[in-house]
Amino acid sequence: MNNRPIGIFDSGVGGLSILDSVKKHLPNESYVYLADQKNYPYGGKSVVEIQEIAYKVVSFLVSKKVKLVIIACNTVSVNAIKHLRSNFDIPIIAVVPVVKTISEKSKTKKAAVFTTPATAKSKYLKDLIKKFSNGTKIYTIGNSKLEHLVEEGIVNGPTVRSTVENSLLTLIEDGVDSIALGCTHYPFVATEIKKILGSKIALYDSGGAIARRTEYVLAHENIPSSVKGEDYYYTTGDAVRFRQIAEKLMKLDLKNVTGVKI
Ligand code: DGL
């Protein structure tokens, strides 16, 4: 048993979609969430920049005595996971697009991964597709606008719709029937995406898989919590704004929100 918290981070509010799934699955754990909004967005940065920033973020979480880190950001996972694992001793779990799931689920044998530009062009994602596509054609769609809307707390309405339409409508014509949400901001606009794409296209996010993986690693390392403690939220940006948007997205009141420099 180990009652220390789990650390979890993203460039902004997107990782809260992962936190939500993990918290529901593991209610006995305590969480320290960091939104690195000063450095947001990660999606347009170089690999080296992403690695340097991620190192600082994980160092901050380690200073909060976390027992495990969840990278709740696909962009960091695909560009910096090896770098982070070689620099830190604690277990690190990384969110990546569910390529295997969409390949297996697709009946038309056409599927797509919807991500930030940095994830779309990463070698890691290309390798993941090579390894798991198994005869399914996988399209990668990079978008640099949708996450900004979510970051501002905008999850429906005309701008969200036109952004989704511009990126995804051609996939319907191409016969795609399964889409992986490969950016943790996107689950917050899943309802809007479903309205546009209709019932013939299924969406898959990584929340459930990460929650189960976290449970497995805690058990394997013999470090699950016996007592639920407080959760803490930090941002390198504006704490008042973060709290306002996070509460809207999570549909709950947040305590313990603090602005920090890392
Ligand atoms: N939420 C992040 C992801 O899953 C991307 C946000 C950003 O570009 O900073 O990739």
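Residues numbered from 1 in each chain as written. Predicted model: local features only at pLDDT ≥ 70, side-chain atom pairs only at ≥ 80, totals over all residues. Heavy atoms only, no water.

## Details of the site of the ligand
Taken together, 14 residues form the shell around the ligand, and within it Ser11, Tyr42, Gly43, Thr75 and Glu147 come nearest. Side-chain polar atom of histidine 185 to a nitrogen atom of the ligand: 2.9 Å apart, as the coordinates give it. When isolated, the ligand has an accessible area of 300 Å², and the protein chains bury 100% of it. Cavity membership is defined here by more than half of the atoms lying within 2 Å of grid points; on that basis the ligand lies in the largest cavity. Per-class residue counts for the shell around the ligand are five nonpolar, seven polar and two charged. (Near = heavy atom within 4 Å. Polar contact = N/O pair within 3.5 Å; in protein donor to acceptor, adjacent residues only side chain to side chain. Areas by Shrake-Rupley, 256 points an atom, 1.4 Å probe, with all protein chains shown as cover. 1 Å grid on protein atoms, 1.4 Å probe; cavity = no way out; pocket = protein on both sides within 12 Å on 5 of 7 lines; lining within 4 Å. Sits in = over half its atoms within 2 Å of the grid points. Nonpolar A, V, L, I, M, F, W, Y, C, P; charged D, E, K, R; others polar.)

## Details of empty space enclosed by the protein
Rolled over the atoms, a probe with the dimensions of a water molecule shows which regions are left empty. Taken as a whole, this structure holds one cavity of 30 Å³ or more when the rule is applied. There is about 50 Å³ of room inside the largest cavity. In terms of residue class, the lining of the largest cavity is made up of three nonpolar, seven polar and two charged. (Points joined across faces, edges and corners; volume = space filled by probe spheres on them.)

## Regarding the pairing of strand S5 (residues 110-115)
Counting buried positions along S5 gives five out of six residues, so the element sits mostly inside the fold. Note: S5 against strand S6 (residues 137-142), six bridges, orientation parallel. Within S6, the residue paired with alanine 111 across the bridge is isoleucine 138. (Buried < 20%, exposed > 50% of the residue type's maximum accessible area, 1.4 Å probe, protein only. Helix = DSSP H or I, 4+ residues; strand = E, 2+ residues; numbered from the N terminus. Pairing = 2+ DSSP bridges.)

## Here we look at the packing of aromatic side chains
Under the definition given, this model contains five aromatic pairs. Plain terms: the ring middles of tyrosine 33 and tyrosine 233 are 6.4 Å apart, the flat faces sit at 45 degrees to each other, and that makes the pair tilted. Placement of tyrosine 33 in strand S2 (residues 31-35) and of tyrosine 233 in strand S9 (residues 232-235) is noted, with a sequence separation of 200 residues between them. Residue classification places tyrosine 33 among the buried residues on the basis of a relative accessible area of 0%. In this structure tyrosine 233 comes out as buried when scored by relative accessible area, which is 3%. Between the aromatic rings of tyrosine 33 and phenylalanine 242, the centroid separation amounts to 6.3 Å while the plane-to-plane angle is 20 degrees, which identifies the pairing as stacked. With tyrosine 33 in strand S2 and phenylalanine 242 in helix H11 (residues 239-250), the pair connects residues that are 209 residues apart, well separated along the chain. Taken together through their ring pairs, the aromatic side chains of Tyr33, Tyr233 and Phe242 make up a single cluster. Positioned above the aromatic ring of tyrosine 139 is the side chain of lysine 137, whose terminal nitrogen or guanidinium carbon lies 4.8 Å from the ring centre. (Phe/Tyr/Trp six-rings, centres within 6.5 Å; stacked < 30°, edge-to-face > 60°. Lys NZ or Arg CZ within 6 Å of the ring centre and 35° of its normal.)

## Topic: the layout of surface pockets
Considered as a void within the structure, the largest pocket measures approximately 570 Å³ in volume. Lining the largest pocket are 26 residues, and of these Ala94, Val96, Tyr124, Ile210 and Arg213 sit closest to its centre. For the lining of the largest pocket, the element with the highest residue contribution is helix H10 (residues 207-220), accounting for six residues.

## Quick notes on the pattern of salt bridges
Tallying each qualifying case throughout the model produces eleven salt bridges. Linking lysine 24 and aspartate 20 is a salt bridge whose minimum nitrogen-to-oxygen distance equals 3.1 Å. Taken together, the residues span about one helical turn, with lysine 24 and aspartate 20 both in helix H1 (residues 16-25) at a distance of four residues. Look at aspartate 20 and you get partly exposed, because its relative accessible area is 26%. In this structure, aspartate 231 and lysine 23 form a salt bridge, with 3.0 Å as the shortest nitrogen-oxygen distance. Of this pair, aspartate 231 sits in the loop between H10 and S9 while lysine 23 sits in helix H1, and the two are 208 residues apart along the sequence. Taking the relative accessible area as the measure of exposure, aspartate 231 reaches 12% and is therefore buried. Given the relative accessible area of 22%, lysine 23 is considered partly exposed. (Salt bridge = Lys/Arg side-chain N within 4 Å of Asp/Glu carboxyl O.)

## Considering H10
Compared with an ideal rise of 1.5 Å per residue, which puts 14 residues at 20 Å, H10 spans 20 Å between its outermost C-alpha atoms and is within 8% of the ideal. Buried within H10 we find Gly207, Ile210, Ala211, Thr214, Val217 and Leu218. In a view along the axis of H10, the buried residues occupy a sector of 130 degrees, so they form one face of it. Those residues of H10 that are exposed and aimed more than 90 degrees away from the buried face are Arg212, Ala219 and His220. Where H10 is buried, its residues touch strand S1 (6-10), H1, strand S3 (68-71) and strand S4 (92-94). Positive phi appears at asparagine 222, one or two residues downstream of H10, with a value of about 60 degrees. (Expected span 1.5 Å × (residues − 1). Arc of directions from axis to C-beta. Contact = heavy atoms within 4.5 Å.)

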